Structures are given as C-alpha cells and as structure tokens.
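Read off the chains here:
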2 protein chains.
Amino acid sequence: MTRQPVLGFTDALVRLAHLVQQVFVEVGKEHDLTPQQAQLLCLLVEGPVGMTDLTRSLHLEKSSLTGLVDRAARRGLVVRTRDARDRRACRIELSGDGRRVAVLAHEEVARRLEALAAELPEEHKELLVSAVAGMLSARGPQGGGSDR
Amino acid sequence: MTRQPVLGFTDALVRLAHLVQQVFVEVGKEHDLTPQQAQLLCLLVEGPVGMTDLTRSLHLEKSSLTGLVDRAARRGLVVRTRDARDRRACRIELSGDGRRVAVLAHEEVARRLEALAAELPEEHKELLVSAVAGMLSARGPQGGGSDR
DNA sequence: TGACAGTGGTTGGCAATCCGAACTAATTTG
DNA sequence: CAAATTAGTTCGGATTGCCAACCACTGTCA
C-alpha cells in the first residue's frame, strides 16, 4: 500500500506549469482579461517595456506580440509610446485604467500562488526558488524581466 | 555583492511554467506537433483515455478537446474507439504512427526536463516533487493522469 | 414500462493566439 | 554613402479555446 503519490519529477513540473497557467486564467477572468493579457499586464507593472524585451519575456514572435499589444491597446489597457532615442522602437506602457487592473491582477496572482504554497515550510520554498534559478541559468540567460 | 538573483517565489513559479511550456514547444516542433498535440500524445502513452478524463488532465472544455482530438486524428496520430460498455463514450488511443511519435516525444520531454535539473542534488529534486504534490493537493484533487 | 434527469461527446459560431514570410523605417557598420 | 542590422507592422492561415445548443445513451424512479 505505498499510497505515497508516485509523482515523477517530470510529471511534477508539468502539473505545476498547468497550475500556474490556471492561476492566470482565473485571475484574468475576474478582471475580464485573457490569460495572455494578464501576463502582459503583470510584466508592465514594473514600468514600460520595449517590444523586443517583451518577446523575450513572453517567448513570443514579434508578430504575435504586435497582435497581443494591439488588442490590449484597443481595450485601453496599454499605450504605445515612441522611443525618442531610437525612432524605430516603442515602449509599451500601462494606461491609467490599465494600471489599476494590472496592479490588482498582479497582486492576485502573487496571492494565489503564495496561497498554494502556504503549507510549505519557508525553507522549502526558498529551495524551490533556488532550484528554479538553477534551471533557468542552465537554459542560458535569456530575457525575462522580473514579474514581481 | 548579493549576486544571488533576487527571484521572488511567484516569479520563480511563473518562469518555471514558461520553461516547461517551452520544452513542449521545442520537442513538438522536432516531431511536427503543436505543443498541445505533444501534451496530448504524452498523456496517451500510458494507454487509451476517455474524453472526459482528458478534459480534466488538460484543463480544457469538452468542445476544445473535441477539436484537438479531431486534428490529431486527421493527422493519423490517434484513433477514436467506441467504448463497448458505455456507447456514448469513446476512448482516445494512439495509432501505430502516433505511438512511435508519442514515445519519442514523451522521452524527449522527460530527458530535457531532467537535463534542466541535472545540476540539482537528488534530494532537492525529491523535495521539489513533494512540494509540488503539496501544492496540487492544496488545489483539490482534480484529474490528471500520470504523464510519466 | 416509461418519462426524465444526468452524462459523454459533437457541432457551430466566434474571438483570440500564434507563426512565418514579406515589408517599412530607422540605425549601425564598413 | 551602400549594405547589413534592428525594431515593428502587416498579411494570410492554422490552431486554440470558449459558450450555447444539441444528440445519444445511461441510470433512476415511479
């Protein structure tokens, strides 16, 4: 009766990924955002970001991001600002409304993820973070501004 | 010189989720599969599964899954088998070709995820698994057959 | 037996996502 | 200055995903 859930390492990572994704889905729904919009807004909470940086953070092709930003802009969540130093580039910025939603969504995502891990001892969480840091660097240091 | 990347807990989870997703994207691409198809095939490696079970494992609505399975079937990867005991239900099964691809993709996904964690000491990995198990149960025991 | 609620899946319509290839415009390089 | 790069957009097309409505079968209960 080894009723310890035989959860493999691979399995665990895949499930965890789904869990995180679901959080964005749910939080998004509460604020009438698609999961992708929610993730975008969370990235912008820290401040304006250029398109190219965003493609790296979100792992999207340029053209996909153009569409995502277009729809977010149409909903009045973000604004395109032309970069003065490089007139090709633009920076994506939260609008007033966008910022309100973004802050709430961002907080809610953090709250829920923390809640999921509420039962974990602090040291385990730290270990998990450093494990992830290791895996990220094993990947090569790609972009990806802080979500937090 | 605190050159420990100041990676928050939330951040870590989000990044990790992206990492896992990317693995499915890359492995999928190598076998001419969309990420969703890759995940579907990985679930089917263990054996045939009913639609309803799949919706729980993949966190999809019934209708979304119908489409996913349709396209996979059109590509000759899977087959719908009518369930004898319940003539409403059907079981999704790998075809001969599908099985070949599925086994390869499944192994490759596992290999890559393990590779990412190659530097982690075994005990840390186990701890990470149990941490995830804890988070999953905090969520309520939803479906999700073993991917492994 | 025979309504009837519940379950397993499909269909249809629609918005959003995502990609690759081709393109414009500004910047950098030689 | 010409050529190569870089930043973004546009366009066409396949996929993803949801909801509402639906069909077919199962199980229950009177």
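Anything mentioned here points back to the structure above.
The rules behind the values
- Residues numbered from 1 in each chain as written.
- Chains lettered and ligands numbered in written order.
- Predicted model: local features only at pLDDT ≥ 70, side-chain atom pairs only at ≥ 80, totals over all residues.
- Helix = DSSP H or I, 4+ residues; strand = E, 2+ residues; numbered from the N terminus.
- Buried ≥ 20, exposed ≤ 12 C-beta atoms within 10 Å, placed from the backbone.
- Contact = placed C-beta atoms within 7 Å.
- Near = placed C-beta within 6 Å.
- Nonpolar A, V, L, I, M, F, W, Y, C, P; charged D, E, K, R; others polar.
- Pairing = 2+ DSSP bridges.
- Least-squares fit on C-alpha atoms with pLDDT ≥ 70 in both.
- Expected span 1.5 Å × (residues − 1).
- Arc of directions from axis to C-beta.

J.: For this particular structure, what's the right way to read the overall build of chain A?
T.: The secondary structure content of chain A amounts to six helices and three strands. In chain A, the order of α-helices and β-strands from amino to carboxyl end is α-α-β-α-α-β-β-α-α. Counting only residues that meet the buried cut, chain A has 34% of its 148 residues in that class. Long-range contacts, defined here as pairs at least 24 residues apart, represent 55% of the contacts in chain A between residues at least 6 apart.

J.: Is there a simple way to think about the protein's contact with DNA strand C in this case?
T.: Around DNA strand C sit 23 residues, and of these T34 and S63 of chain A together with M51, S63 and A89 of chain B come closest. Broken down by element, the surface near DNA strand C gets its largest block of residues, five residues, from helix α4 (residues 62-74) of chain A. Residues belonging to the surface near DNA strand C are distributed by class as follows: five nonpolar, 10 polar and eight charged.

J.: Sorry, what's going on with the interface of chain B and chain A here?
T.: How big an interface is tends to be reported as the loss of accessible area on association of its parts. Of the residues lining the interface, 43 residues belong to chain B; the matching set on chain A comes to 43 residues. At the level of secondary structure, the elements contributing two or more residues to the side of chain B that touches chain A comprise α1 (9-30), α5 (96-116) and α6 (122-138) of chain B. Sort the elements by how many residues they give to the side of chain B that touches chain A and α1 of chain B lands first, with 14 residues. In terms of residue class, the side of chain B that touches chain A is built from 25 nonpolar, 10 polar and eight charged.

J.: Sorry if this is basic, but what is going on with the protein's contact with DNA strand D here?
T.: DNA strand D sits among 23 residues. The nearest are M51 and S63 of chain A together with T34, Q36 and S63 of chain B. Mapped by element, the contributors of at least two residues to the surface near DNA strand D are α3 (51-58) and α4 of chain A together with α2 (35-44) and α4 (62-74) of chain B. For the surface near DNA strand D, a count of residues per class yields five nonpolar, 10 polar and eight charged.

J.: Please clarify how unusual backbone geometry should be interpreted in this entry.
T.: Both trends apply: most residues other than glycine have a negative phi, and most peptide bonds are in trans. All names here are of chain A. Although it is not a glycine, H59 adopts a positive phi angle of roughly 60°. With respect to the secondary-structure elements, H59 resides in the loop between α3 and α4. For H59, a count of 15 C-beta atoms within 10 Å translates into the label partly exposed.

J.: Can you walk me through the sheet that holds strand β1 (residues 49-50) of chain A in this structure?
T.: For sheets, the rule is that strands pair by backbone hydrogen bonds, running either parallel or antiparallel. Residues and elements named next belong to chain A. If you walk across this open sheet you meet the three strands as β1-β3-β2, and the pairing is antiparallel. Each edge of the sheet is formed by a strand with only one pairing partner; in this case those strands are β1 and β2 (78-82). Here β2 pairs with strand β3 (residues 90-94) via five bridges, running antiparallel. Bridged to R80 within β3 is I92.

J.: How should the relation of the copies chain B and chain A be read in this particular structure?
T.: To go from the first copy of the chain to the second, apply a rotation about an axis and then a shift along the same axis. Laying chain B over chain A is done by rotating through 179° and shifting 0.1 Å along the axis; what remains is an RMSD of 0.1 Å. The superposition operator between the copies reduces to a two-fold rotation axis. Proximity to the rotation axis, assessed at the C-alpha, singles out A17 of chain B in chain B; its C-alpha lies 2.1 Å from the axis. Residue by residue, 100% of the interface of chain B is reproduced at the interface of chain A, so both copies engage with the same surface.

J.: What is the right way to look at α4 of chain B in this model?
T.: The α-helix advances 3.6 residues per turn, and as a result positions three or four apart in sequence lie on the same side. Residue and element names in this part refer to chain B. In a regular helix each residue adds 1.5 Å, so 13 residues correspond to 18 Å; α4 covers 18 Å between its end C-alpha atoms and thus fits that length. Regarding α4, the residues found buried are L68, V69 and A72. The buried residues of α4 occupy an angular sector of 95° when the element is viewed end-on, so they sit on one face. Seen from the open side of α4, the exposed residues pointing more than 90 degrees away from its buried face are S63, G67, D70 and R74. Where α4 is buried, its residues meet α2, β2 (78-82) and β3 (90-94).

J.: Would you take a moment to explain the environment of R82 of chain B for this structure?
T.: All names here are of chain B. With respect to the helices and strands, R82 occurs in strand β2. A count of 10 C-beta atoms within 10 Å places R82 in the exposed class. On a C-alpha basis, the gap between R82 and E108 in space is 31 Å, while along the polypeptide they are 26 residues apart. Not counting chain neighbours up to four residues away, the residues in contact with R82 comprise R87 and C90.

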